[in-house]
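Residue-level listing of the chains:
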Amino acid sequence: MLIASLAVSVAGFGARADADSSNSGSGIKVVPTGLIPLYPKNYDCSPLTSLYASWIDIDGTKRDEQHTGVDGGRIGEWILAPAPGEVRAVWRSNWGWGWEGSLIIKHTRDEAGADEDASFYYSALDHLNYDEIKHFKVGERIGRGQRLGRVHRPGGVSDYLPEVHWEVWESKNDNIKWLTNEYGALTWFIPKAQLVDPLAMLQITSDSSETDKKVKIVPFTECEARGECRGFTYILPCKKKF
Ligand SMILES: [Zn+2]
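Summary of the structure given here. Everything numeric in this text was worked out from a predicted model, so none of it was measured. (Residues numbered from 1 in each chain as written. Predicted model: local features only at pLDDT ≥ 70, side-chain atom pairs only at ≥ 80, totals over all residues.)

## Digging into the pairing of strand β8 (residues 120-128)
Among the nine residues of β8, nine are classified as buried, and the element is accordingly described as predominantly covered. In this sheet, β8 lies alongside strand β7 (residues 99-108) in antiparallel orientation, the contact comprising seven bridges. Residue pairing for β8: H107 is matched across the bridge by Y121. The pairing of β8 with strand β11 (residues 164-171) spans seven bridges and is classified as antiparallel. Bridge pairing in β11 places S123 opposite V168. (Buried ≥ 20, exposed ≤ 12 C-beta atoms within 10 Å, placed from the backbone. Helix = DSSP H or I, 4+ residues; strand = E, 2+ residues; numbered from the N terminus. Pairing = 2+ DSSP bridges.)

Laid out in structure tokens, this is it:
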């Protein structure tokens, strides 16, 4: 309901490509980072199944455009907020696979644990079940590790493999613009915002060396157990091994 009033349709604008959509990717700059996840040995973590800037989709097929986020998760697993923040948008989305739910959480620079000069970081989650997330209200506070929704499938279509798509943007302003895409659903962009590899955000938290391409994944549970959390923690569940 929030979004509808913000919706604008600008014909001819090269719409922001989602993630997994086959929308035009014009204007979206995906800079490969080469980062790969290193899961902690004492945890069994639900894995990422397609990385940032990858040309390969989770089913092994070639993508039409470079991946703008990371995919992961097994069906029904809870997706956990990577950091504190607030709900920036929740809407019924369609990226070409069918109707589903999308959620954007806005983090301040401090909440994201970043020391870049961006003021805001956005975690956009796609392929959720809209009915499961529609209770969120814009402006609602979100805590680290809060359950946001469960891993679903693109468009809720059983032929597609389960996944959540997690995309991170950084921006100096909070100026979200809305457009209607070719599927009649809302899509968003922030002028001058930059895409970020979610693994680069997780790298801050794990204190991994910036030159090390292997990013130690910090499970939310571990961060909680340590009693101090900074930056982003992993959005998928990790179970401690005994
Ligand atoms: Zn994706």
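## Brief notes about the environment of D207
Mapped onto the elements of the fold, D207 is located in the loop between α4 (198-206) and β15 (214-216). According to the C-beta neighbour criterion, D207 is exposed, with 10 such atoms within 10 Å. In this structure the C-alpha to C-alpha distance between D207 and V218, which are 11 residues apart in sequence, comes to 9.9 Å.

## Details of the nonpolar core
Counting 51 residues, the largest nonpolar core has I79, L103, L125, L202 and Y234 as its most contacted members. At the level of secondary structure, the elements contributing two or more residues to this core comprise β5 (78-80), β6 (85-94), β7, β8, β11, β13 (186-189), α4 and α5 (220-226). Among all residues touching I79, those that are not within four sequence positions of it are G73, L125, L148, G149, R150, V151, V164, I235 and L236. (Core = buried A, V, L, I, M, F, W, Y, C linked by C-beta atoms within 7 Å. Contact = placed C-beta atoms within 7 Å.)

## Regarding the environment of G69
Looking at the secondary structure, you find G69 in the loop between β3 (48-50) and β4 (70-72). For the pair formed by G69 and A53, sequence separation is 16 residues and the distance between their alpha carbons is 7.3 Å.

## Details of the pairing of β11
The buried fraction of β11 is high, at seven of eight residues. Sheet analysis places β4 next to β11, joined by three bridges and oriented antiparallel. Residue pairing in the sheet places G72 in a bridge with V164 of β11. Across three bridges, the pairing between β11 and strand β14 (residues 194-196) is antiparallel. By the bridge assignment for β14, V168 is matched with V196.

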